[in-house]
Amino acid sequence: MRSAKDFFKPLAVGAPTPITEVPARPSRMLHFFDPSNEKMAAKIPGMVGAVDVLVGNLEDAVKADRKEAARAGLVQIAGATDFGEHTQLWTRINALDSPWVLDDLTTLVTEVGDTIDVVIVPKVQGSEDIHYIDRLLAQLEARARLTRPILVHAILETARGVANVEEIAGASPRMQGISLGPADLAADRRMKTTRVGGGHPGYLVRQDPVDGNIEGDRAVFQQDLWHYTIARMVDACAMHGIFPYYGPFGDITDVVACEDQFRNAFLLGCVGAWSLHPVQIDIAKRVFSPSAEDVAHARRVKEAMGDGTGAVMLDGKMEDDASLKQCLVILELADRLSATDPELAELYKR
């Protein structure tokens, strides 16, 4: 067990000093792309500034015989693209039990480590996986003479990972956040759904019989398969000062259900979601930005509360110090997003 005094010391001689607080940069959408796909790669420069996070994907969506091409493609994109101040470049490496992951890290950190902000680690089972990545990144950063640490993002894709989510969230100062990986998690749990994220019509609650007539008309309410896992993930991330994300929503054509699922995650505390197709970028941008009405209300509560103590009546509702804390969350997010999004800055002024 590492001493708390050593937690923020570099794990390799010459590695950069670990951070003590995760930068709160806008990351409403983590947009995945295949660096081995030339058509897709050619669009990346045009997405800079319009997308919060671009993720070079080296794992599941890339076929085995394209792994090296994807890695080389990401190196080329990272070296040739100016991502500016408002778009981050992340990568999802291959799983830790794969034959490609060591080359992924060695190549990317030593060749373009100064451009990559976050490494996403799939199928994290426990803190031992993060400790392995933590030490290896420190060694490679020292070799590459990087001046800032590359952060780590874990995906919850196994039952064991969910059971260990609190220790994963606090395993390293590098931890940036955690995403829900619903498809692999469903398989590992032996859930009976073949959908990638979202709900299922069979997971429902039915209205009680009216007058004892079980054959009569009864309303049906579809339930959220992922509510428990997202809530637990959000709590673990909040406890350790890192950020929670909803993962992929696989039905690209169902933009309505996608928006619903993203909004559920936003209301529960997630800061962003994965986008697998350009149509989901605008959905994530809209959903994970507070509405102008919510921002205006939060400002009114803050102004009415004065020094933040006691209670006031506003529009027939009681507002107290707890209400103010909730409103400050909205206002802090609005300020952060406004700093990089002129459209939101103008919207929130009204």
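Residues numbered from 1 in each chain as written. Predicted model: local features only at pLDDT ≥ 70, side-chain atom pairs only at ≥ 80, totals over all residues. Heavy atoms only, no water.

(A) View of the overall build of the chain. From N to C terminus, the chain includes 14 helices and twelve strands. Each of the three principal axes of the chain carries a C-alpha extent, and together these read 70 × 55 × 45 Å. Looking at the 350 residues of the chain, the share that counts as buried comes to 48%. Considering only contacts within the chain whose residues lie at least 6 apart along the sequence, 72% involve residues at least 24 apart. Separation between the mean location of the 37 positive side-chain charges and that of the 50 negative ones in the chain comes to 3 Å. (Helix = DSSP H or I, 4+ residues; strand = E, 2+ residues; numbered from the N terminus. Buried < 20%, exposed > 50% of the residue type's maximum accessible area, 1.4 Å probe, protein only. Contact = heavy atoms within 4.5 Å. Lys, Arg positive; Asp, Glu negative; His and termini not counted. Charge placed at Lys NZ, Arg CZ, Asp CG, Glu CD.)

(B) Quick peek at the layout of surface pockets. Of the pockets and cavities examined, the largest pocket occupies roughly 870 Å³. Lining the largest pocket are 38 residues, and of these F266, G269, V329, I330 and L333 lie nearest its centre. Listing elements by their share of the lining of the largest pocket, those giving two or more residues are α9 (227–240), β9 (243–246), α10 (255–268), α11 (278–287), α12 (292–305) and α13 (321–338). The leading source of residues in the lining of the largest pocket is α13, at nine residues. Residue composition of the lining of the largest pocket, grouped by class: 22 nonpolar, eight polar and eight charged. Lining the second largest pocket are 25 residues, and of these F32, F33, N57, A61 and L276 lie nearest its centre. When residues of the lining of the second largest pocket are traced back to their parent elements, those giving at least two are β1 (29–33), α1 (38–42), α2 (44–47) and α8 (182–189). A per-class count over the lining of the second largest pocket returns 13 nonpolar, five polar and seven charged. (1 Å grid on protein atoms, 1.4 Å probe; cavity = no way out; pocket = protein on both sides within 12 Å on 5 of 7 lines; lining within 4 Å. Points joined across faces, edges and corners; volume = space filled by probe spheres on them. Nonpolar A, V, L, I, M, F, W, Y, C, P; charged D, E, K, R; others polar.)

(C) Structural view of α12. Between its terminal C-alpha atoms α12 stretches 20 Å, which fits the 20 Å expected from 14 residues at 1.5 Å a residue. Taken together, the buried positions of α12 are occupied by V295, A298, V301 and M305. With its buried residues spanning 125 degrees around the axis, α12 presents them on a single face. Away from the buried face of α12 by more than 90 degrees, exposed residues E293 and E303 are located. Buried positions along α12 lie against β11 (311–314), β12 (317–320), α13 and α14 (342–349). Of the residues flanking the end of α12, it is G306, one or two places downstream, whose phi is positive at about 60 degrees. (Expected span 1.5 Å × (residues − 1). Arc of directions from axis to C-beta.)

(D) Region of the structure containing the pairing of β9. Residues F243 and Y245 of β9 are buried on one face, and the alternating residues P244 and Y246, pointing to the opposite face, are buried as well. Both strand β6 (residues 175–180) and β9 contribute to a ladder of three bridges, which runs parallel. Counterpart to S179 in the pairing with β9 is Y245. Alignment of β9 against strand β10 (residues 272–275), held across two bridges, turns out to be parallel. Within the sheet, the bridge partner assigned to Y246 lies in β10 and is A273. At this point the chain moves from β9, through α10, to the parallel β10, and the crossover so formed is right-handed. (Pairing = 2+ DSSP bridges. Right-handed = clockwise from strand over helix to strand, strands pointing away.)

(E) Layout of the sheet that holds strand β2 (residues 53–57). Judged by pairing direction, the barrel is parallel, and its eight strands sit side by side in the order β1-β2-β3-β4-β5-β6-β9-β10 before closing back on the first. With direction set aside, neighbouring strand axes in the sheet form an average angle of 25 degrees. Summarising the sheet, strand β3 (residues 88–92) and strand β4 (residues 118–121) pair through three bridges and their orientation is parallel. Following the sheet pairing, R92 is matched in β4 by I120. (Axes fitted to C-alpha atoms, helices over the stretch in contact; angles between N-to-C directions.)

(F) Spotlight on the nonpolar core. By size, the foremost hydrophobic cluster in this structure holds 93 residues, and its most contacted members are L105, I178, F262 and F288. Counting residues per element, this core draws most heavily on α13, which supplies six residues. Among all residues touching F288, those that are not within four sequence positions of it are R28, F262, A265, F266, C270, V271, G272, A273, L333 and L337. (Core = buried A, V, L, I, M, F, W, Y, C linked by side-chain atoms within 4.5 Å.)

(G) Highlighting the pairing of β10. One ladder, built from three bridges, connects β1 with β10; its direction is parallel. Residue pairing for β10: H31 is matched across the bridge by S275.

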